[in-house]
Amino acid sequence: MTTSPAAPAAATATTAAPAPPPLSARRRWTVLAVCALSLFLVGLDTTIVNVGLPAIGHGLGVGTRDLEWIVDAYTVVLASLLISAGALADRFGRRRVFQCGLVVFGLASLVCALAPSAGALVAARALQGVGASMLSPVALAIVVNAMPDPRERARAIGVWASVFGLSMAAGPVTGGALVSALGWRSVFWVNVPVVLAAVLLSVRFLPESRAPRARRPDLPGQLLLTVAVSATVAVLIEGPRIGWGSPWALAGYAAALAATAGFVRAERGRAEPLMDLGLFRRPAFSTAVLGAVAVFVALTVTLLLTTFQLQHARGWTPLAAGLASLPMALGATVCAPLSGVLVGRGGPRRPLLLAAWFTTAGGALLLVRAFLVEDVPHGAGGLSGAADLPGLLLALLLLGVGFGFANAPITNTAVGGLPADRAGVAGAITSTARQLGSAVGIAIAGGLVAGAAPGGLAAASRAGWVVVTVCGLFLLLVARAARRR
C-alpha cells in the first residue's frame, strides 16, 4: 500500500503554534481502525462487483464489454487520482479530504444502487473512484501522523497491509453472498451504512493534520496522466470489437502515446511534479512498480475468468462462485502478515520469491486444467459437477498465497533506501500501479471471453492463464532487483 512520510503533528503552518499533545494508545489504534475501514471499502469495491457481473448484465441487458467498463470506470479513475488526492490532503487537511472522500464514495454508491442503465452505472462507478482516491493514501497518512513511534507505526502498517489483502480477496465471497440473497444492487447498498458509520467515527476520533510544506497542484500532469491511462484501457476493452487495426484503434494508440509523452515532458519541466520520474532511474523501484501491475493483472484476470466460467459455463449461482474463491481469500489473509514479518527480518527478497513461485504454480495449474480437463465434453462446455473442484480450489489457494506474499515486499522494494520526502511519492506511485494493473487485467480477461459461448469459455480463457503464469514469472525479476537487508 501507499506509504507516506510522517508529517509533523502541528496542524498549522506557523512555527509558533504549539504542537498538540500526543494521542493515547487507545486513540491511536482507534484511528487505525477507522482508517482501515475506509481501506477495506476501497479494496472490496475493486473486486466485489466481479462476481455480480453476470447478474448485472442480465438485469441491465448488456454484454461483456459494457460490464468491463462497469469495473474499470472505478479502477481507472482511482488510479489516475491517487497521487493528486494525497497532495490535496497535505494542503487542505487530511481529515477534511478523508471525510470528503467518504461522502463522495457513499453518494456514488447510492447512485450505483439506483442506476437505471449501464451508462448511469458506469458514470456512478467513476464517481466512486473519485471518492476512493481520497481515502486510501490519505487514510494511511493520517495513521502515520498519529503514530510517531517507528515500531508502533511498523505494526500499524502491517495491519494495514493485511486489511488491504483481505478486502481484495474477500470481495468475491461477499459479492456472491449479497447477489444471491438480495440481488446485484445490494453490492452497492451495503456501502452506504458503512460509509455513514465511518463518517461519524472520523468526526469523533480522527485528528487533523497537514504537511509542513504542501506541493502545488499539477493540473497539466493530472490531465495527461488521466488521458494516458484511460486511452490505454479503452483500447484494450474496445479493441476486440472495433478491430486492432481500425481507425478508431489507431486513434486510441496515438492518444495514449501522445498523452504519455506529454506527461513525461511536462513532469520533467516542473519543480514540483505530480510524479517524480527520477525514481524510475532506480532499477529496484522500476521493477517494483511493474511487479505491482503484474500482481494485480494476475488477480483480476483470475477472478473475472473464474467468475464467468463458473456462472456461465457451469451454471453456478453467484454465492457458489463466490465461495469457490474462499481459498484465495484464506491464502491472502494468512500470508499477508507473514510476508510483513519476513520483510522486517530479512528484507523483501524471500517473500517476493515465494510470491513468484506460488503465483506461477497457480497460473500453471489453471492452464493445465484448461487443456486437460476443461475441454472434456460435459454439459454446457465445462464440468457441471464437483469432479474438478479440488484442482480449481488448489489453484486459487496457490494464487491467494502468492498475492498475500507479494504486497508488503513490493512496497518495501519501491521505497527502500529513499528519504522520507520521496518515500511517500514512491508509495503513491506503487498504489497507482496496482490499480492500473486491476484495470488492465479486467480489460484483458474481458477481451478474451467477450462474445464466447458458454461452451467456448474454457478455450477462450487459456490465454488468460498464460498471462497469469507470466506475471508470476516476472516477480522473479522483481525479487532479483530487491535489495538484501
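Residues numbered from 1 in each chain as written. Predicted model: local features only at pLDDT ≥ 70, side-chain atom pairs only at ≥ 80, totals over all residues. Heavy atoms only, no water.

A. Layout of the overall build of the protein. Per the secondary structure count, the protein includes 19 helices and zero strands. Taken over 485 residues, the protein has a buried fraction of 56%. Expressed as a percentage of contacts within the protein between residues at least 6 apart in sequence, the contacts between residues at least 24 apart total 86%. Carbon together with sulfur atoms contributes 70% to the accessible area of the protein, which is approximately 18900 Å² in total. (Helix = DSSP H or I, 4+ residues; strand = E, 2+ residues; numbered from the N terminus. Buried < 20%, exposed > 50% of the residue type's maximum accessible area, 1.4 Å probe, protein only. Contact = heavy atoms within 4.5 Å. Areas by Shrake-Rupley, 256 points an atom, 1.4 Å probe, with all protein chains shown as cover.)

B. Representation of the nonpolar core within the structure. Counting residues in hydrophobic clusters, the biggest one holds 130 residues, and the most contacted among them are Ile56 and Leu121. When residues in this core are grouped by element, the largest group, 18 residues, is from helix H12 (residues 283-313). Setting aside residues no more than four positions away along its own chain, Ile56 makes contact with Val49, Gly61, Leu67, Ile70, Leu121 and Trp184. (Core = buried A, V, L, I, M, F, W, Y, C linked by side-chain atoms within 4.5 Å.)

C. Highlighting helix H15 (residues 349-372). Spanning 24 residues, H15 covers 34 Å between terminal C-alpha atoms, matching the ideal 34 Å at 1.5 Å per step. Of the positions making up H15, those classed as buried are Pro351, Leu352, Ala355, Ala356, Thr359, Thr360, Gly362, Gly363, Leu366, Arg369 and Ala370. If you follow the buried residues of H15, they end up packed against H12, helix H14 (326-346), helix H16 (389-415), helix H18 (457-460) and helix H19 (462-481). (Expected span 1.5 Å × (residues − 1).)

D. Region of interest: the packing of aromatic side chains. All chains considered together, the criterion is met by four aromatic pairs. When the ring of Trp184 is compared with that of Phe188, the centres are 6.3 Å apart and the planes differ by 85°; the resulting orientation is edge-to-face. Of the two residues examined, Trp184 and Phe188, each falls in the buried class. Aromatic side chains Phe296 and Phe403 sit 5.5 Å apart centroid to centroid with 75° between the ring planes, which places their arrangement in the edge-to-face category. Of this pair, Phe296 sits in helix H12 while Phe403 sits in helix H16, and the two are 107 residues apart along the sequence. Judged on exposure class, the residue Phe296 and its partner Phe403 are both buried. (Phe/Tyr/Trp six-rings, centres within 6.5 Å; stacked < 30°, edge-to-face > 60°.)

E. Structural context of the confidence of the model for the protein. Residues with a pLDDT of 70 or more make up 87% of the protein, whose mean pLDDT is 81. With pLDDT under 50 throughout, residues 375-387 is counted as low confidence; its partners more than four residues away or in other chains account for 17 contacts. (pLDDT = per-residue confidence, 0-100.)

F. Spotlight on the side chain of Glu267. Residue position: Glu267 is located in helix H11 (residues 247-268). The side chain of Glu267 is buried and forms no salt bridge, while Arg270, the nearest opposite charge, is found at 5.2 Å. In this structure, Glu267 is in contact with Asp218, Gly221, Pro273, Leu274, Met275 and Leu277, ignoring residues within four places of it in sequence. (Lys, Arg positive; Asp, Glu negative; His and termini not counted. Salt bridge = Lys/Arg side-chain N within 4 Å of Asp/Glu carboxyl O.)

G. Inspection of the packing of helix H3 (residues 64-92) against helix H5 (residues 118-133) at higher detail. For the pair H3 and H5, the least separation of the axes is 7 Å and the interaxial angle reads 25°. By the angle between their directions, the pair H3 and H5 is classed as roughly parallel. Here the hand of the crossing between H3 and H5 comes out right-handed. Two secondary-structure elements touch here, H3 through Trp69, Ile70, Val71, Ala73, Tyr74, Val77, Leu78, Leu81, Leu82 and Ala85 and H5 through Leu121, Val122, Arg125, Ala126, Gln128, Gly129, Val130, Ala132 and Ser133. Here the contact of H3 with H5 is composed, by residue class, of 15 nonpolar, three polar and one charged. (Axes fitted to C-alpha atoms, helices over the stretch in contact; angles between N-to-C directions. Parallel < 35°, antiparallel > 145°, perpendicular 65-115°, else oblique. Left-handed = near helix turned anticlockwise from the far one by under 90°. Nonpolar A, V, L, I, M, F, W, Y, C, P; charged D, E, K, R; others polar.)

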